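# Observations on the model geometry
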Amino acid sequence: MSGAPAYDHARLQEAAKRHLWLHFTRHSTFDDADVPTIVRGVGQYVFDQHGKRYLDGLSGLFVSQIGHGRTDVAEAAARQAAELAYYPLWSYAHPRAVELAERLAGYAPGDLNRVFFTTSGSEAVESAWKMAKQYFKLTGEPSRYKVLSRYIAYHGTTHGALAITGLPDIKPPFEPLPAGGVRVPNTNFYRAPSFVADDLTRFGAWAADEIERAILREGPETVAAVFVEPVQNSGGCFPPPPGYFGRVREICDRYGVLLVSDEVICAFGRLGYMFGSDRYGYQPDVITFAKGVTSGYAPLGGMIVSDRLMEPYLRDETSFLHGVTFAGHPVSCAVALANLDVFEKEDLLAHVRANEGAFRATLEKLHDLPIVGDIRGDGYFYGIEMVRDKATRETFDDDESERLLRGFLSPALYDAGLICRADDRGDPVIQLSPPLTCGQEHFDEMEQILRSVLSQAWQQL
Ligand SMILES: Cc1ncc(COP(=O)(O)O)c(C=O)c1O
């Protein structure tokens, strides 16, 4: 079990409030409250500075697949730092990057054999867009630069990735963004348009065909790629309807558009497979990944690219004019290899597949609560949509949503010992994405805490 040093709580709080800038966080929240501070983790749990234990129902931020406090993975990092702490992938290789690239290519579907490392998911998405643009310039279609992505989908925060992200509310401070981001419908069946709301397969066909309509509207000769997650995270876990990805693949092929599977969350066991595209049986041209590849023991991201896309980059004087200093960092690659060893030793993919039904069934018990409208997801990745009226699916207005999510639910769930995400970037949802090692006792703990807190939330409305 990993320990953490004793902290001077007051001093840590003072310094956090004075010097640390938290991401996507309203700092005014801490005018009269402590900054929640997590000091250590063991298995599926983390502990705050007072020693209080929390079930990590979000794997940090969809990251900690193998759970916390694994000393074997930490030791792999230390060994690598001692052997070779750093060398860049600019013109050089190092053994761990080579081994990891080969291993990822072995897991990836079809001819996705070439791995370009980054340090994060945003950089992976950014790289995939740049790679696609340069690819089309190299292959005689220089007008292709646009990218289609789905409403409310999150693909990262750097300028290019933000232009692909489909969340309108996080863009205005940074506009103008790079040109070329185009939105298409997502696969939120609970909120399907009425003309396809009675049939999931028809809804999926409509959502896929909207991609075709967007390509035609924009002009196929201008469209480089479609970016889709296997299960869309933002909005609260939208799985693909049956037939959806097959149809998206056909549409991409028809118009020469690349299909990028953004698997920053969905890869590495989140859905019970190494890649979400395996689960739903489609062949992407590019997979972007990050998060679970290291289970967070060090930062790493990247893209896995098909041989076809790599081919022009292998010719003559050509190079991909792109790179970042810490991409494919030796320590991160060593950690990723050790993390994947844990996957294999403990057969985590089989564990998720064997237990996902029990996870779903446990969460579905919450359907008896009046506030629970929809429970959706796959694998170990679920969203619970909250509604004001179950029968009509009426959602909350902005004011109620603010009071419910920020005012009540987020602090109440945390106080009750469950870390999950209460999110209203689409309709209000709670998201769960626990470590892949979780079993029935953890599912029960999540259900019990959610039952109690959601019942209180309903009374407060
Ligand atoms: C699908 C997807 N793409 C990209 C990103 C951006 O990743 P990062 O935060 O590592 O930059 C995320 C982050 O959650 C994501 O979920």
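Residue positions within a chain follow its written sequence, with the count starting from 1. In keeping with the model being predicted, local features are shown solely for residues with a pLDDT of at least 70 and side-chain atom pairs are shown and tallied solely at 80 or more, while totals for entire chains, interfaces and linings include all residues. Side-chain numbers here rest on the full set of heavy atoms in the structure, without hydrogens or water.

Residues in contact with the ligand, as listed here, are S120, G121, S122, Y154, H155, G156, E229, D262, V264, I265 and K291. As used in this structure description, the phrase polar contact means that two N or O atoms lie within 3.5 Å; if the pair is within protein, one of them must be able to donate a hydrogen and the other to accept it, and residues adjacent in sequence are counted only when both atoms belong to side chains. In this structure, S122 approaches the ligand through a side-chain N or O atom, which is 2.6 Å from an oxygen atom. K291 is positioned such that a nitrogen or oxygen atom in its side chain is 3.0 Å from an oxygen atom of the ligand. In isolation the ligand offers 390 Å² of accessible surface; the protein chains occlude 85% of this area. By the convention adopted, Pro, Cys, Tyr, Trp, Phe, Met, Ile, Leu, Val and Ala count as nonpolar, Lys, Arg, Asp and Glu as charged, and the other residues, Gly among them, as polar. Per-class residue counts for the shell around the ligand are three nonpolar, five polar and three charged. When we say a residue is near a molecule or strand, we mean one of its heavy atoms is within 4 Å of it. Here the Shrake-Rupley method, with its probe set to 1.4 Å, supplies the accessible areas, and only the displayed protein chains count as covering residues.

To continue, consider the pattern of salt bridges. Salt bridge, as used here: a side-chain nitrogen of Lys or Arg that lies within 4 Å of a carboxyl oxygen of Asp or Glu. Tallied over the entire structure, the rule returns 29 salt bridges. Across the salt bridge formed by E99 and R96, the nearest N and O atoms sit 3.0 Å from each other. Here R96 and E99 lie together in helix α4 (residues 95-107), a separation of three residues that amounts to about one turn. Residue classification places R96 among the buried residues on the basis of a relative accessible area of 16%. A single network of salt bridges, built from pairs that share partners, joins R191, D374, R376, E385 and D427. In this description a helix means any DSSP run of H or I spanning at least four residues, a strand means any run of E spanning at least two, and both kinds are numbered starting from the N terminus. Burial classes follow relative accessibility: with a 1.4 Å probe on protein chains only, a residue under 20% of its type's maximum area counts as buried, one over 50% as exposed, and anything between as partly exposed.

Pairing between strands requires that DSSP locate at least two bridges from one strand to the other. Across the sheet, four strands lie side by side as β11-β12-β15-β14; this open sheet has antiparallel pairing. Because the sheet does not close on itself, it has two edges, and the strands there are β11 (372-378) and β14 (421-423). In this sheet, neighbouring strand axes are inclined to one another by 20° on average, regardless of whether the strands run parallel or antiparallel. The pairing of β11 with strand β12 (residues 381-386) spans six bridges and is antiparallel. Its bridge partner being in β12, D378 is matched across the sheet by F381. This element, helix α13 (residues 398-415), spans β12, β14 and β15 (429-432) of the sheet and lies at about 175° to β14. Helix axes are fitted only over the stretch in contact, all axes being lines through C-alpha atoms; the angle between N-to-C directions runs from 0 to 180 degrees. Contacts are residue-level and defined by heavy atoms, with any inter-residue pair within 4.5 Å sufficient.

On the surface, a cluster of negative charge is contributed by D169, E394, D397, D398 and D399. Looking at where E394 falls in the secondary structure, it is placed in the loop between β12 and α13. Residues form patches when they are more than 30% accessible in relative terms and have no salt bridge. Like charges link within 9 Å. Nonpolar side chains (Val, Leu, Ile, Met, Phe, Trp, Tyr) link within 5 Å. In this tally, Lys and Arg are treated as positive and Asp and Glu as negative; His is ignored, and so are the chain termini. Here the site of a charge means NZ on Lys, CZ on Arg, CG on Asp, or CD on Glu.

The next thing to look at is helix α14 (residues 440-460). Here α14 spans 30 Å end to end across 21 residues, near enough to the 30 Å set by a 1.5 Å rise per residue. Along α14, the positions that sit buried rather than exposed are H442, F443, M446, E447, I449, L450, V453, L454 and A457. The length a helix should cover is 1.5 Å for every residue beyond the first.

Structurally, G328 is set in the loop between α10 (307-310) and α11 (330-345). When its relative accessible area of 0% is taken as the criterion, G328 is described as buried. Once the C-alpha coordinates of G328 and Y107 are considered, the two residues, 221 residues apart in sequence, prove to be 18 Å apart. For G328, the contacting residues outside a window of four places in its chain are L89, H94, A97, F117, T118, L300 and C333.

Here we take up the packing of helix α12 (residues 348-364) against α14. Running from N to C, α12 and α14 point in directions that differ by 20°, and their axes come no closer than 9 Å. Taken together, the axes of α12 and α14 lie roughly parallel to each other. Every pair of crossing elements has a handedness; the one defined by α12 and α14 is right-handed. Along its contact with α12, which presents N355, A358, F359, T362 and L363, the element α14 presents Q440, F443, D444, M446, E447 and L450. When describing relative orientation, an angle under 35 degrees is termed roughly parallel and one over 145 degrees roughly antiparallel, while 65 to 115 degrees is termed roughly perpendicular and anything else oblique. Note on convention: the crossing is left-handed when the near helix lies turned anticlockwise from the far helix by less than a right angle, right-handed when the turn is clockwise.

Turning to the pairing of strand β9 (residues 286-289), a few remarks are in order. Judged by which residues are buried, β9 turns out to be covered on both faces: V286 and T288 on one side and I287 and F289 on the other are all buried. Of the strand pairs in this sheet, strand β8 (residues 258-262) and β9 are connected by three bridges, and their pairing is parallel. Residue V260 lies in a different strand from β9, and its bridge partner there is V286. As judged from the four bridges shared by β9 and strand β10 (residues 301-306), these two strands associate in the antiparallel manner. For T288, the partnering residue across the bridge sits in β10 and is M303.

Helix length check: helix α3 (residues 71-83), at 13 residues, gives a terminal C-alpha distance of 18 Å against a target of 18 Å (1.5 Å per residue), a fit within 8%. Within α3, burial applies to V73, A76, A77 and Q80. The arc that holds the buried residues of α3, viewed along the axis, is 100°, so those residues lie on one side. Opposite the buried face of α3, at more than 90 degrees from it, the exposed residues are R79 and A82. Elements that come into contact with the buried residues of α3 comprise α4 and α11. Of all possible arcs, the one meant is that of the directions from the helix axis to the C-beta atoms.

Keep in mind these numbers describe shape, not what the thing actually does.
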